[in-house]
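# Architecture and fold: a report
Take a look at the letters that make up each chain.
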Amino acid sequence: MAEATAGKIAGMPQGGDGKKAVPPAAGDRGSRSINSLPDGALEHIISFLPAEEAVQTSVLASRWRHLWKSATGLRIGCRDDGEPGPVKEHREFVDHLLLLRGGSPLYYTCEIKLGQFQADDMARINLWFRHAVQCKVRVLRLRIFSNLYLPLDDLPLVAQRLTRLELHGVQLNSTSMDFSSCPAMDHLELIDCGLTNVKKIVSESVKHLSIISCFDDSCYERSRVRVCVPKLISLRLGEIDRTPILDSMPLLVEAFVRVNDWRGDMCRIKLEPADCSSGANKSLVCGSSGNVGTGRCTSFLLLHSLSEAMSLVLNSVPDVIVFRGDSRWCPIFRNLKTLLLDDYWCVPDEFNALACILEHSPVLEKLTLQLFSEGPHHNVEMKWGCSMFGPSATISEHLDIVEIKCEVVDEMVLKVLEFLSTFNICKLTCNSPTFLTHTIGFTCVKKC
């Protein structure tokens, strides 16, 4: 019965020996070359094929008939580069495929890429996902392209050999986000996932974490998601409905953080910063340390946990409260050498946020300010450095380069440049001729 099913999957007549389907050989020498490889090598080669094509190798010769069953990788729904078809197109094939493979180990990659699903598909997809885990997979990717999140079973993930997990388009739960039983996992990537039911993301082994375009519709109803990943080396965090709380990350080397203007990070009563910690408003808004973790507070959400990094990219949009609350108790960035900030940090006329982070970065070597320009290409790019007198005593003595990137040198940009001059920072080069007409007097005063 199993042999008949294998023939059906491979698309060859039942009972055939498969040799009739062998394409014309290019030459005996090439045939001997492929046949000289051991089964393990052939199984590894087959693992790079989409599952449908991997099964079809069973018709090449009698030796190949069962090799696909032991392939070290599995790629479901990966036949085309575009979005995959609906799950109903894959049901029968994948069910038979996994049945015939049995518990053959997946020593390398399993990728499951699926489109629209129906209610009765959810349990089936979860079963496919858990099957891959039980087959000792090392790299596991589950990507759902649908207008709904796929609910992932609220069960602990137990995977001793799993090193990398990538989830796309799934609804997550706190139990499924506890990776205490995945001791080898060092990469975790969450893209376009639902975090509404997640309280914590926990791992003692993850070193590289990406949380991008994830949605949390609980908003102010409960505490923010807490990320407990103490061995983290690199972090990418952006396009999230509610910025999570980051626990201590003493080994962090680099981080990219972008905070959007979604409702979860907006100030509820939109008071001026000077009023946020005063009187009756103290317990209601972004600056109150007593509300850490609640829907209305951002104190110590990010900056303290990022303070050990050597390279930081910090972007935000106006009116969000994340960095505003954090900057009141700005930590010392004792290892920070490279820093990129956007115009959120350069609000005239006092530039408190920019001054604060510069004064708390004692070994900073390179500062990039991306002003009112999304990039990656910018009409104006300027390089600035310290004057012949050296940098101001209030900022890093190691600061060599300050890059300014913008679309046009307008009044707002000129105010930023004037502020930088207070730290003895002045222009070195500029790719825009029109800029010189605006600032020639300013740069001469600084004797650069």
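Residues numbered from 1 in each chain as written. Predicted model: local features only at pLDDT ≥ 70, side-chain atom pairs only at ≥ 80, totals over all residues. Heavy atoms only, no water.

As enumerated under the stated definition, the model contains 17 salt bridges in all. Taking the shortest distance from any N to any O, the salt bridge between Glu-111 and Arg-143 comes out at 3.4 Å. In this pair, Glu-111 is assigned in strand β2 (residues 109-114) and Arg-143 in strand β3 (residues 139-144), connecting sequence segments 32 residues apart. For Glu-111, a relative accessible area of 10% gives the class buried. Across the salt bridge formed by Glu-403 and Lys-405, the nearest N and O atoms sit 3.9 Å from each other. Through salt bridges with shared partners, a single ionic network connects Arg-75, Glu-111, Arg-141, Arg-143, Arg-164 and Glu-166. (Salt bridge = Lys/Arg side-chain N within 4 Å of Asp/Glu carboxyl O. Helix = DSSP H or I, 4+ residues; strand = E, 2+ residues; numbered from the N terminus. Buried < 20%, exposed > 50% of the residue type's maximum accessible area, 1.4 Å probe, protein only.)

With 73% of its residues at a pLDDT of 70 or more, the chain has an overall mean of 79. The spread of mean pLDDT over the elements of the chain runs between helix α11 (residues 433-445), the lowest at 37, and strand β5 (residues 164-168), the highest at 98. Taken together, the stretch residues 1-6 has pLDDT below 50 and engages in nine contacts with residues farther than four places along the chain or on a different chain. Taken together, the stretch residues 10-30 has pLDDT below 50 and engages in 19 contacts with residues farther than four places along the chain or on a different chain. (pLDDT = per-residue confidence, 0-100. Contact = heavy atoms within 4.5 Å.)

Before going further, it helps to examine the sheet that holds strand β9 (residues 200-202). Through backbone hydrogen bonds, the strands of a sheet pair up, either in parallel or in antiparallel fashion. Spatial strand order, β9-β11-β13: three strands in an open sheet with parallel pairing. At either end of the open sheet lies a strand with only one pairing partner, and these are β9 and β13 (245-246). Here β9 runs beside strand β11 (residues 226-228); their pairing, made up of three bridges, is parallel. Note that in β11 the partner of Val-202 across the bridge is Cys-228. (Pairing = 2+ DSSP bridges.)

On to the environment of Leu-341. Structurally, Leu-341 is set in strand β16 (residues 338-342). Residues Leu-341 and Leu-367 lie 26 residues apart in sequence; the distance between their C-alpha atoms is 7.9 Å. If sequence neighbours within four positions are ignored, Leu-341 has contacts with Leu-314, Asn-315, Leu-354, Ile-357, Leu-367, Thr-368, Leu-369 and Gln-370.

It is the contact of helix α5 (residues 91-101) with helix α6 (residues 122-134), at a shortest axis distance of 12 Å, that shows an interaxial angle of 30°. If you check the angle between α5 and α6, you find them roughly parallel. The hand of the α5/α6 crossing is left-handed. Where α5 approaches α6, its residues Arg-91, Val-94, Asp-95 and Leu-98 are matched on the opposing element by Arg-124, Trp-128 and His-131. Grouping the constituent residues of the contact of α5 with α6 by class yields three nonpolar, one polar and three charged. (Axes fitted to C-alpha atoms, helices over the stretch in contact; angles between N-to-C directions. Parallel < 35°, antiparallel > 145°, perpendicular 65-115°, else oblique. Left-handed = near helix turned anticlockwise from the far one by under 90°. Nonpolar A, V, L, I, M, F, W, Y, C, P; charged D, E, K, R; others polar.)

On to α6. For α6, spanning 13 residues, the distance from its first C-alpha to its last is 19 Å, which sits close to the expected 18 Å at 1.5 Å a residue. Turning to α6, its buried residues number three or more, namely Ile-125, Asn-126, Trp-128, Phe-129, Arg-130, His-131, Ala-132 and Val-133. Looking at the buried residues of α6, the elements they touch are α5, β2, β3, β4 (150-151) and β5. Backbone geometry just downstream of α6 places Lys-136 in the positive-phi region, at approximately 60°. (Expected span 1.5 Å × (residues − 1).)

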